[in-house]
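Residue strings, one per chain:
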Amino acid sequence: MIDMTNAMQWSRMGSRKTFGTVLTDLAEQYPELMVLAADVASSSGLKEFAERYPNQFLNVGIAEQNMIGTAAGLAKNGCKVFAVSFAPFASMRCYEMIRSYLGYMNLNVAVVGIGSGLGLGIVGNTHYGLEEFSLMNSIPGMTVLSPADCTETVKAVHALMQHPGPAYLRLTGTEGNPAVYKEDYEFRIGQAIQHREGDDLAILATGTMVYEAIRTAKLLEKQGLSAAVYDIHTVKPMDEALVQSLVQKGLPIVTIEEHTVRGGLGSIAASINVQQERPVRQLMIGLPDEFMKAGDYRYMLEQSGLNARNMAGRIAEWVKAG
């Protein structure tokens, strides 16, 4: 049930524990559900799931590549599989297996990258998930979801239970994730959600940056700029109709993501933009193309400029320079 009480409780828990909680709620309803974890049951909120449904859970150990192979075998035998690890290991360490076993074979497995973006803070660059959009977007048939908050994490998991074929679920943020959605709403894979209307520009944001994008739009409004804001919870397939409509209206596009700007949301949106008869100006805001000095999560966002105050100033200057 999605209401204010649950939304705020999930927000306090963070996306990882919320993910584990919703799968535990679904396990009895879906006996074909299998969950595989690369020694991250506690980290991904799956400890209760493992205890209550031991026949639907496998801890494969720190062996992500084997996890994908096992997931593929289970999917071939009719299971709906969620395979979970920290984002860089879930995506990069077993990329070939995801491409060949899941993409090429079109198997019903959702790979889940927990602690993505800068969520692991002081653990450092080896554990940051910064490249998944570019990696997963290049696999034919792959669906890529990036929830804005914990409520949308619940929505995404429910949607993936009904969605055939391979998918990647990217979970960003930490405990105390700001809530974007506090009541029930319609969630459809591939269809963006508008949060604000605007006449001067359109902001396309994904993951944690949806909340910051809404705050950014409010700051821009004080500077006389009207910014529409959209939640791009599905990075692939991108909502092409939305991008096309914005270009037809002549609205400049700003993309915001807790992901490298190389091959990320901005690049994917730009690939649609440039194919239009009259492309519009586009600004891509995301993580810099460099390895950063590690710090806690909020510090890392501040240093990367991924906060409303910084982004509002940057966007305002960009609009005036146009």
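So, here's what we can say about the structure. (Residues numbered from 1 in each chain as written. Predicted model: local features only at pLDDT ≥ 70, side-chain atom pairs only at ≥ 80, totals over all residues. Heavy atoms only, no water.)

For a regular strand, the rule is simple: side chains alternate between the two faces of the sheet. Burial analysis of strand β8 (residues 201–205) places five of its five residues in the buried class, which makes it a mostly covered element. Burial along β8 is two-sided: the face carrying Leu-201, Ile-203 and Ala-205 and the face carrying Ala-202 and Leu-204 are both buried. In this sheet, strand β9 (residues 227–231) lies alongside β8 in parallel orientation, the contact comprising five bridges. Within the sheet, the bridge partner assigned to Ala-205 lies in β9 and is Asp-231. The handedness of the β8 to β9 crossover, carried by helix α9 (residues 209–222), is right-handed. (Buried < 20%, exposed > 50% of the residue type's maximum accessible area, 1.4 Å probe, protein only. Helix = DSSP H or I, 4+ residues; strand = E, 2+ residues; numbered from the N terminus. Pairing = 2+ DSSP bridges. Right-handed = clockwise from strand over helix to strand, strands pointing away.)

Judged by side-chain polarity, Tyr-101, Tyr-104 and Met-105 come together as a nonpolar surface patch covering roughly 370 Å² of accessible area. Looking at the element boundaries, Met-105 is found in the loop between α6 (95–104) and β4 (109–114). (Patch = residues over 30% accessible without salt bridge, like charges linked within 9 Å, V, L, I, M, F, W, Y side chains within 5 Å. Areas by Shrake-Rupley, 256 points an atom, 1.4 Å probe, with all protein chains shown as cover. Salt bridge = Lys/Arg side-chain N within 4 Å of Asp/Glu carboxyl O.)

Residue Pro-237 follows Lys-236 across a cis peptide bond; omega there is 0°. Take Pro-237: it is sitting in the loop between β10 (234–236) and α10 (240–249). One non-glycine residue, Asn-106, lies in the positive phi region at around 50°. Mapped onto the secondary structure, Asn-106 falls in the loop between α6 and β4.

This next bit is on α9. Given a rise of 1.5 Å per residue, 14 residues ought to cover 20 Å, and the 20 Å separating the end C-alpha atoms of α9 matches this to within 8%. Taken residue by residue, α9 has Met-209, Val-210, Glu-212, Ala-213, Ile-214, Thr-216, Ala-217 and Leu-220 as its buried positions. Taken together, the buried residues of α9 touch β7 (193–196), β8, β9, β11 (253–260), α12 (297–303) and α13 (308–321). Just downstream of α9 lies Gly-224, where phi reads positive at about 85°. (Expected span 1.5 Å × (residues − 1). Contact = heavy atoms within 4.5 Å.)

Opposite charge on two side chains permits them to pair, given that their charged atoms come into close proximity. As enumerated under the stated definition, the model contains ten salt bridges in all. In this structure, Arg-170 and Glu-132 form a salt bridge, with 3.0 Å as the shortest nitrogen-oxygen distance. Taken as a pair, Arg-170 in strand β6 (residues 167–170) and Glu-132 in helix α7 (residues 132–137) lie far apart in primary sequence, 38 residues in all. One exposure class covers both Arg-170 and Glu-132, and it is buried. Salt-bridge contacts for Glu-186 lead to Arg-188; the nearest nitrogen and oxygen are separated by 2.5 Å.

Here we come to empty space enclosed by the protein. By the definition in use, this model includes two cavities of 30 Å³ or more. When its volume is computed, the largest cavity comes out at roughly 90 Å³. Surrounding the largest cavity, Ala-148, Gly-173, Asn-177, Pro-178, Thr-208, Met-209, Tyr-211, Glu-212, Tyr-297, Arg-298 and Leu-301 form its lining. Considering only residue class, the lining of the largest cavity consists of six nonpolar, three polar and two charged. (1 Å grid on protein atoms, 1.4 Å probe; cavity = no way out; pocket = protein on both sides within 12 Å on 5 of 7 lines; lining within 4 Å. Points joined across faces, edges and corners; volume = space filled by probe spheres on them. Nonpolar A, V, L, I, M, F, W, Y, C, P; charged D, E, K, R; others polar.)

The next point concerns the packing of helix α2 (residues 15–27) against helix α8 (residues 150–162). One way to put it is that α2 packs onto α8 with a least axis distance of 9 Å and a crossing angle of 40°. By the angle class used here, α2 and α8 are oblique. For the pair α2 and α8, the crossing hand works out as right-handed. On α8, the residues touching Ser-15, Thr-18, Phe-19, Val-22, Leu-23 and Leu-26 of α2 are Cys-150, Thr-153, Val-154, Val-157, His-158 and Met-161. (Axes fitted to C-alpha atoms, helices over the stretch in contact; angles between N-to-C directions. Parallel < 35°, antiparallel > 145°, perpendicular 65-115°, else oblique. Left-handed = near helix turned anticlockwise from the far one by under 90°.)

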